[in-house]
Number of protein chains: 2
Amino acid sequence: MSLTLTLVIIAGLLAVLYGAVQSAALLRASPGNARMQEIAAAIQEGAQAYLRRQYTTIAIVGVVILIIVALLIGPLAALGFAIGAVLSGLAGFLGMLISVRANVRTAQAASEGLEKGLSMAFRSGAVTGMLVAGLALLGVSVYFTILTSGLGYDPTSRDVVDSLVALGFGASLISIFARLGGGIFTKGADVGGDMVGKVEAGIPEDDPRNAATIADNVGDNVGDCAGMAADLFETYAVTTVATMVLAAIFFRGTDVVGNMMLLPLAICGVCILTSIIGTFFVRLGKSRNIMGALYQGLIVTGVLSIGAIWWVTNRMVPGVVTVGNRTFDGMNLFWCGVAGLAVTAAIVVITEFYTGTGYRPVKSVAKASVSGHGTNVIQGLAMSLESTALPALTIIIGIIVTYNLAGLFGIAIATTSMLSLAGFIVALDAFGPVTDNAGGIAEMAGLPAEVRVSTDALDAVGNTTKAVTKGYAIGSAGLGALVLFAAYTEDLKYFAANATPGSFFDGLGAVAFDLSNPYVVVGLLFGGGLPFLFGGLSMTAVGRAAEAVVAEVRRQFRENPGIMTGEVKPEYGRAVDILTRAAIREMIVPSLLPVVSPVLLFFVIKAIAGKSDAFACLGAMLMGVIVTGLFVAISMTSGGGAWDNAKKLIEEGHFGGKGSDAHKAAVTGDTVGDPYKDTAGPAVNPMIKITNIVALLLLAVLARGVIH
Amino acid sequence: MSLTLTLVIIAGLLAVLYGAVQSAALLRASPGNARMQEIAAAIQEGAQAYLRRQYTTIAIVGVVILIIVALLIGPLAALGFAIGAVLSGLAGFLGMLISVRANVRTAQAASEGLEKGLSMAFRSGAVTGMLVAGLALLGVSVYFTILTSGLGYDPTSRDVVDSLVALGFGASLISIFARLGGGIFTKGADVGGDMVGKVEAGIPEDDPRNAATIADNVGDNVGDCAGMAADLFETYAVTTVATMVLAAIFFRGTDVVGNMMLLPLAICGVCILTSIIGTFFVRLGKSRNIMGALYQGLIVTGVLSIGAIWWVTNRMVPGVVTVGNRTFDGMNLFWCGVAGLAVTAAIVVITEFYTGTGYRPVKSVAKASVSGHGTNVIQGLAMSLESTALPALTIIIGIIVTYNLAGLFGIAIATTSMLSLAGFIVALDAFGPVTDNAGGIAEMAGLPAEVRVSTDALDAVGNTTKAVTKGYAIGSAGLGALVLFAAYTEDLKYFAANATPGSFFDGLGAVAFDLSNPYVVVGLLFGGGLPFLFGGLSMTAVGRAAEAVVAEVRRQFRENPGIMTGEVKPEYGRAVDILTRAAIREMIVPSLLPVVSPVLLFFVIKAIAGKSDAFACLGAMLMGVIVTGLFVAISMTSGGGAWDNAKKLIEEGHFGGKGSDAHKAAVTGDTVGDPYKDTAGPAVNPMIKITNIVALLLLAVLARGVIH
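Here the structure is a predicted model, which means the values were calculated and not measured.

Visitor: Could you clarify how one ought to interpret the overall build of chain A in this entry?
Guide: Assigned secondary structure in chain A consists of 19 helices and two strands. Its C-alpha radius of gyration of 24 Å places chain A within 12% of the 27 Å reference for a compact globule of 708 residues. Reported as C-alpha extents along the three principal axes, the dimensions of chain A are approximately 80 × 55 × 45 Å. Charged side chains in chain A number 43 positive and 47 negative. The centres of these two groups are separated by 2 Å.

Visitor: Before we go on, may I ask you to explain empty space enclosed by the protein in this structure?
Guide: Scanning the entire structure with this criterion turns up 12 cavities of 30 Å³ or more. In terms of lining residues, the largest cavity is bounded by 16 residues, among which Leu385 and Tyr676 of chain A together with Leu385, Phe532 and Tyr676 of chain B are the most central. Breaking the lining of the largest cavity down by element, the ones donating at least two residues are helix H11 (373-386) and helix H18 (611-651) of chain A together with helix H11 (373-386) and helix H18 (611-651) of chain B. Residues that form the lining of the largest cavity fall into these classes: 12 nonpolar, four polar and no charged.

Visitor: Which parts of the structure should I look at to understand the layout of surface pockets?
Guide: Empty space among the atoms can be located by rolling a probe the size of a water molecule over them. Of the pockets and cavities examined, the second largest pocket occupies roughly 510 Å³. Around the second largest pocket sit 20 residues that line it, and Tyr403, Leu408, Glu490 and Lys493 of chain A together with Ser516 of chain B are the ones nearest its centre. Here the lining of the second largest pocket gets five residues from one element, more than from any other, and that element is helix H12 (residues 389-420) of chain A.

Visitor: Help me understand the nonpolar core in this model?
Guide: Nonpolar side chains in soluble globular proteins tend to be buried together. Counting residues in hydrophobic clusters, the biggest one holds 549 residues, and the most contacted among them are Phe615 of chain A together with Phe615 of chain B. Ignoring sequence-local partners within four residues, the contact set of Phe615 of chain A consists of Tyr488, Leu492, Phe504, Phe505, Leu508, Val511, Phe513, Phe602, Leu699 and Leu702 of chain A.

Visitor: Looking at this structure, I do not really get the packing of H12 of chain A against helix H15 (residues 518-559) of chain B. What am I missing?
Guide: For any two helices packed against each other, one specifies the inter-axial angle together with the distance between the axes. Between H12 of chain A and H15 of chain B, the least distance of the axes is 10 Å, while the angle of their chain directions is 180°. Comparing the axis directions of H12 of chain A and H15 of chain B gives the class roughly antiparallel. Contact with H12 of chain A, carried on its side by Ala389, Leu393, Ile395, Ile396, Ile399, Ile400, Tyr403, Asn404, Leu408 and Ile411 of chain A, involves Pro518, Tyr519, Val521, Val522, Leu525, Phe526 and Leu533 of chain B of H15 of chain B and no other residues of that element. Residues that form the contact of H12 of chain A with H15 of chain B fall into these classes: 16 nonpolar, one polar and no charged.

Rules behind the numbers
Residues numbered from 1 in each chain as written. Chains lettered and ligands numbered in written order. Predicted model: local features only at pLDDT ≥ 70, side-chain atom pairs only at ≥ 80, totals over all residues. Heavy atoms only, no water. Helix = DSSP H or I, 4+ residues; strand = E, 2+ residues; numbered from the N terminus. Rg over C-alpha atoms; globule rule 2.2 N^0.38 Å. Lys, Arg positive; Asp, Glu negative; His and termini not counted. Charge placed at Lys NZ, Arg CZ, Asp CG, Glu CD. 1 Å grid on protein atoms, 1.4 Å probe; cavity = no way out; pocket = protein on both sides within 12 Å on 5 of 7 lines; lining within 4 Å. Points joined across faces, edges and corners; volume = space filled by probe spheres on them. Nonpolar A, V, L, I, M, F, W, Y, C, P; charged D, E, K, R; others polar. Core = buried A, V, L, I, M, F, W, Y, C linked by side-chain atoms within 4.5 Å. Buried < 20%, exposed > 50% of the residue type's maximum accessible area, 1.4 Å probe, protein only. Contact = heavy atoms within 4.5 Å. Axes fitted to C-alpha atoms, helices over the stretch in contact; angles between N-to-C directions. Parallel < 35°, antiparallel > 145°, perpendicular 65-115°, else oblique.

Below, the structure written as C-alpha cells:
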C-alpha cells in the first residue's frame, strides 16, 4: 500500500471523524422545550420510517441487480456494487439522522440569537457534507487497496476497473432512487399540504392543524438532505472512478500509471482537508450577513484548494507525460484543477444571479405576478429556459480550456477538482432543510415571533444555497458524464483492439461515433428524449402523491371537526404513511428507465444493424442524455429557484406584498417550481450518469463472454 | 427543359390556379350585415398594416443579407435568395388577404348552417395551403429550369446548388421573422387582452368594449395564418432543395443524376394534384362530424398520394442505382415515400392523443385544475414533457426504416413525401384562424347565439387541427434538418476532396464528426442550448408585448369611461399599432440568433483549434440544435394544445364547468400555453433550419475563397 493511498485513506477517516465529533457536539446542545421535542420526535420517526421503507424497496431491486452483476461479471464486481450502494445509503441515512436532530436544536439556538442558529444549522450540514465526501473517498480508495495490495491484482487490470465501475453503479442506483423517491415525498407533501391547507382551508403554512405539516418537514430531510447526499456521493464516487479508469487506459504500461490512477484520489484527499478548514471560517461577522458568512468559508476552502492541488499535481506528476500525440506536465494538470474550481465559482455566481432576489430574473417574475397567475408562470418559464445558456457556456469554455491543457485526462482532472469541494458544497445544501425544519418547529411550537424572524432569515439563505448546490451538482454531473462517456469510448477501443478470436469484440474494429451515421443520430434522439420523458413521469408522480395527501387531509378535517378548532391533534403519522407508500410506488418505473434503456437500445440496434452500429448508437445515446439532460436539469432547478424567491420578494413587501393578488400568483409559480426544482430537475442528474455507467458495465459483461 | 420539369411546373401553376378560382368564389359570397363588414374591415386594415410594417422591416434586413450573399457567393445566389424571400412573403401575404375576407363570410355562412360555415372556412384554408405548396414548387422548379435550361449550367454544378440553397435561405429568413413576429403579435394580443379584459375588467372574451379584441383577431391572421404559411413554405422549399443537393452529390457523373435531382420535385408535383382532389372530399356527412369531414379529405389525399408516389418513383428510377456500397431501386424509394406518409399519419394520431379532449392527457390536466392553478400548470408541464417521447420514437423508426431501404437518400425522399402533403395540411391549419375570427365577429356583431354555437364547433376543431399541423411541421422540420445536415457533411466531403491548392479546403482531409472529439461535444452543447435560449427570449418577448397591450387598454378605459358603458367605441387601431411596434421590435434579436451563431462559433473554434475541428464543431452544433429543438418544440406545442383543450373540456361542463375555480385554473394554464404553443414552440422550427442552411452557405462562401 503506497504512502499516497495511506494518506488518502487517512483524509477520508478524518472526514468521518469530523462528522462524529461535530455530531457529538451537536447532540449535546439543548433540544428545546417539551412541545418542540415532541414535534421533532414526530419528524424523526417519520423520516426514519420513510428511509427504512425506501431502503427496503431499494434492497430488493439491489439484490436482484447484485446477483445479475455477480453472474455476468463476477464476485468482485458484485462486492464493489454492494460497497457503493451501502456506503451511499449510509451517507444519506446518517446525514438524515443528524439533520432531524439538528432542526429542533437550531430552532432552540435561534431563540438565543441568529449567530447560534447559523452555527448549529451549518455544523449539521457540514456533518452530512463530510460524511458524503469521506465515505465516498474511503469506499473507492479502500476497495482499490484491497484489490491491488490485498488481492494482488494489477491496478490497470479489468478486474480492478470493472469492480470500481460496479462500485460507481451501486452508488448510482441508490442515488436515483433516493433522489426520486425523496423528491416525490417532499414535494408531494409540500404541494399537497399547501393546496389543502393554504388554499382550501385558509390556514397558514406550517399550521399544526394541517395533518401534512409533519410530512412536509419529514420531506425536507429525506429529499433535500438524504437525497442530495446520495446524489453527490454518487457523482463524487463515479467521477473519481471514471478518472481512474481513464488513467488506467491512457497510461497502461508506462511508469506513471500508478501515480496517475491515484491522482484523483489524492486531489479529493487534500480537498477534504481544505473543506474541513473552511467550515471553521463560517462565522457571522459584524454585518450579520448570513450568505456572506457561508461564502467566506467557501472562498477559504477554494483558495486553500488551489494551493493544495498545486502541491499534489506537481508532486505526483514530476515530469512530462504523453497520451497519444499530446504531452503535458503537472503544471498543466494543476491549471486543469484551477479551471474546475473556476467552473464551480462561475456556476455559483450564475445560479445566484438567476435565483437571487436582488437581480433581474427573480424581479421580472415577481413583477409579472402583478398581472396574474398566467404571466407569473410565463415569465418563470422564460427565465427557466434562459438560465441554461450561461452555465452551458461555462462548461463549454471549461471543456475547451482543459482539453487544450491536457486532453481528455485534463477534462477528467478538472471535473475531479470541481467535485473535490463536494464536502463543503453539501454542507451548504444540507444547511437548507435544517433551517426550513427549524422554522416549521418554531411555528408549530408557538415560539415567539422573533425566533421565526431568525429562522426565516436562515431559511431564505437556505433557498439560495439549495439552488446554488443544484447548479453545482448538475454542472459537475454533466462534466462527470462526459468523463464517463470518454471512459466508454476508450474502453470500447481497448476491447476491440484486444479481442480474443471468437469473442464478442473480435473483428469489431474501430467504432466511429460519427454524426453522419444515422444510427448515431438515432442514439442522440433516443437519449435526448429520456430526460424529457423522465421529467414528465416524475412531475406526474408528484401530482399523484400530492393528490393522495390532499385526500387524506380532507378526510381528517371532515371526520374530525375538532382538528380545525385545535381541540384534537391531527393524525400526522397517517399522512406520512400514505405519502411514503405513494412515493415508493411512484419512484420505481422512472428509476428503472435509465437502467433498462441503454441495454434495450443496444440489443435492438444490434439485431437490426450489427455490433458496430449498435455500439455507435449506444454511445450517441449516452451523449444525447448528457446534452438534453444538462439543459432540462438546469432549466428546472434555476426556474424553480426563481419562482420560489419571486414569492419571497413579494412577501418582503414588493409588488403588493403578502396577501395581494400578486402574492397569490407568486404562490402558484412557487407551487409549479416545487416539483421542477426539487424532484424532476435534480433527479435528472443521477439519471444521466446511470445510463453512462450501465453502458460501461454492458461492455464489461460483453467482454466476459457470458452474453453473445 | 425536360418533360418532367414541364409537368412539375404545370402542377405548381395548377395549385396557384386553384387558389385563384377558389378565392374568386369565396369573394362572391355574402360578407354579412354592415356591422359585420365594419368589424371585418378593421381586422383587414390591422392585418395589412402589421404585415406591411413587418415586411418593411424584414426587407431592410433582407437587403443587407442580399448584398452580403451577392458579394460573398455571387449574383445568382443573391437572386435565389430574393426569389425564396419574395415568394415566401407572398404566400403568407396572399393567405392573409383571403383569410381576413373569409372570416366574415364564414360567420355569415355559419348563420345559414354548419355545413356552409365549414365549407367557407375550409376553402379559405385550402387557398393558403395550395398557394404555399404551389409557389414553393414553382420557385424551386422555375429557378432550377432557368439555371440549367436557360443559363446552361450543369445541374450538379456549384452555381446551381448554391443558388438553390440561397433560395432556401431566403425562405428561411422570412419564415423565422414571420413566425416570431406574428407569434409575438398574436399572443401579445391574446394574453394581454385576456388579462385586462377577462381578469381585470370582468368582461367576456371578444367583447367589443375591449380595445384589444381587434388586435386579437388580427393576430390570428398574421400569426396562425401568415406565420404558418411562411414556415411551411420554408420547410417545403428547403427540404426539396436539400434533397436535390444530396442527389447532385450522390449521383454526380452517373446517368441517373438528372432523374434523381428531379425526383423530389416530381413527388411534390403529383401530390399537389392529390391534395387538390382531397379538398373536394371535405364534406360534412350525416353524422355532422367536422373533424371526420376534414380527416376524410386527408385520408383521400394520403391514399391517392401512395399511388402517385408509386407511379413517380417507378417511372423515374427504372433500374437499380448505387450510392457508396448501397444499392436500391424505385420500389425501395417508393417504400421510403410510404414511410414518410406513415410518419405523417403517426404524428397526426399522437398529437391528437395528447391534445384532444377525449384522451388521458387533456383529461388529466382538466382534472388537476380542480385542485388549483399550480396543479394545472404542473400537470400541463408533465404532459408537455411526456408528449415528446412518441413523436421522437416515430422519427427514430422512420430514420432506421428508410436508411435501411435506401441510405441517406431514402431519408431525404421520405421527408420530401412527408412534405408533399403540405398543401392539404396547411389547409387544415389555415382553417383555424378563419373560424376563430368568425366566432369573434359573430360575438362582436351580436349575431344570434346559434351562430356562435356553429362557429364554436368549428373553432374547437380548429384548435385540434392547429396542434396537429404544428406536430407535423415540427416532425417534418426535424427530418428536413437531418437532410440539411447530411447535405452539410456531404458538401464538406466534396469540397475537401476537390480543393484546389491554396484554397480554404486545401489539406483539410476528411472531417470526422466523432463524439469522442471534445469539439464535437462543444458543438452539441452550444447548438443544444440555442432552442432553450431562443425559447426563453421569445417567451419574454410575448410577456413584454402583452404588458404594452394591458397598459394601452387600461389607459383607454381610464381616459374614456364611455367605453365601458358602450357609448363610445374604443380605439382599436391604437392597440393594433402599439402591438405592431412591440412585435417588430421584439422579433429582431431572437431571429438573428440562429443566423449569427453558426458563423460566430465556426470562426472562434477555427481560431482556437484550426479548420478541421471548427468544421466538426459547426456540424455538431447543427445536430445539437436539431436534437434539443425537436424536443423543445414538440413539448411546447403539444403542452400548449393540452392546456387549451383542458380549458375547453371544463367549459363543456366537466370538472365544475364554466366559472368554477377549476375553470379559473384552466384559464391560467391556457394563458401559459399560448406563447408556448403559438410563439416559442413553432418558431423553433425555422430556427433549426436556419442554422443548418447558414452552415451550408458558409461552406459555399468559404469555397469561393472570398474569406480565408
